[in-house]
Amino acid sequence: MNIKKFNIGFILFSSVVLLISCLGEGNNVVEYGSQPAVTALEMNGENESVFFYIQDDIKIIPKTSPGNFGTGECVLLNYKVDLDDYQGEGNQFYEVELTGSPTVLKQWDLLTTTIDTTGVLDYERLIPTFEKRNAYIKDNLFLYFEYSISDSLTIHNDYKMYYFPDQTPKYDTIPNADVYEMFLRVETDTIKTPSRTSDTKMKDVNAFAIRQFVNQYRATELAKNQDHLYFRVKYARSFNSDSTSINWGESENIAIPLK
């Protein structure tokens with residue numbers, strides 16, 4: 001089986017490209033930062049190794065041990081890769097040089113419990129910036145957020161992603177398809193650290209296990225000859241004047257391949 005070449009458009013969208021070409025390392029060496037991936041323990045010759053899937057059908061393996069990982073963990077990777085250098089029997093994967101330790105991400109389960117979409121949760125936090133980039137790898141949806149926070153606070157966010165299974169999708173002319181909805185809520189535990197005083201930005205990347213959502217509507221959308229499942233994520237963008245109700249923002253359409 002020959003591996004597909006990197007989908008450069010996907011990687012440009014879902015990660016930070018740090019280096020296009022390295023002198024002395026070949027003409028097709030590229031360095032990536034904050035690349036989402038899902039781990040898998042698989043046989044590499046006679047030995048079991050940790051592979052990182054950066055797409056459902058593209059995997060990489062570090063030249064040196066990345067540490068102890070099981071199957072199905074979500075991480076962010078920084079690495080260099082020669083796009084002309086396939087490895088393994090049948091060119092099944094790329095061998096890469098890690099340029100930093102993998103960052104393990106929190107994985108959040110998908111909820112179907114009914115949650116009031118009009119009221120505010122006890123410790124609800126707004127999401128002022130819901131970034132456009134995302135990735136869907138091995139049943140996990142990676143989403144990127146940014147917060148403006150005071151460095152005097154250490155933030156611990158508790159995410160709740162849920163959907164209503166009996167929802168009726170709304171047709172959208174842009175993808176020429178029906179578009180579903182999911183809701184994202186965030187509750188926050190803040191811990192004061194008085195040694196810090198300045199304001200800063202905080203990036204927060206999380207993985208959400210949405211296989212149940214995709215599988216529920218897969219057959220319906222395939223019957224419509226759709227190649228993708230489209231949905232938007234609604235999130236709390238602002239509260240009303242007395243913080244008793246939410247003004248919802250929504251992401252752009254997110255497309256999950258079905259074939």
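The coordinates are above.
Residues numbered from 1 in each chain as written. Predicted model: local features only at pLDDT ≥ 70, side-chain atom pairs only at ≥ 80, totals over all residues. Heavy atoms only, no water.

### Remarks on the pattern of salt bridges
Here is step 1: Evaluated as defined, the whole model comprises 15 salt bridges.
Here is step 2: For the salt bridge of K132 with E252, the shortest nitrogen-to-oxygen distance reads 3.7 Å. Here the residue K132 occupies a position in strand 9 (residues 129-137), and E252 occupies one in the loop between strand 16 (246-250) and strand 17 (254-257), the gap between them amounting to 120 residues.
Here is step 3: In this structure K132 comes out as exposed when scored by relative accessible area, which is 59%.
Here is step 4: For E252, a relative accessible area of 52% corresponds to the exposed category.
Here is step 5: A salt bridge links K203 to E146; the shortest N-O distance between them is 3.1 Å. Taken together, the positions of K203 in strand 14 (residues 199-209) and E146 in strand 10 (residues 140-150) put the pair 57 residues apart, joining distant regions of the chain.
Here is step 6: Look at the salt bridges and you will find they share partners, linking E131, R133, E146 and K203 into a network. (Salt bridge = Lys/Arg side-chain N within 4 Å of Asp/Glu carboxyl O. Helix = DSSP H or I, 4+ residues; strand = E, 2+ residues; numbered from the N terminus. Buried < 20%, exposed > 50% of the residue type's maximum accessible area, 1.4 Å probe, protein only.)

### What about the environment of D85?
Here is step 1: Secondary-structure assignment places D85 in strand 5 (residues 74-87).
Here is step 2: Along the chain, D85 and V96 lie eleven residues apart, while their C-alpha atoms are 9.4 Å from each other.
Here is step 3: Here D85 is in contact with Y94 and E95, once residues within four sequence places are set aside. (Contact = heavy atoms within 4.5 Å.)

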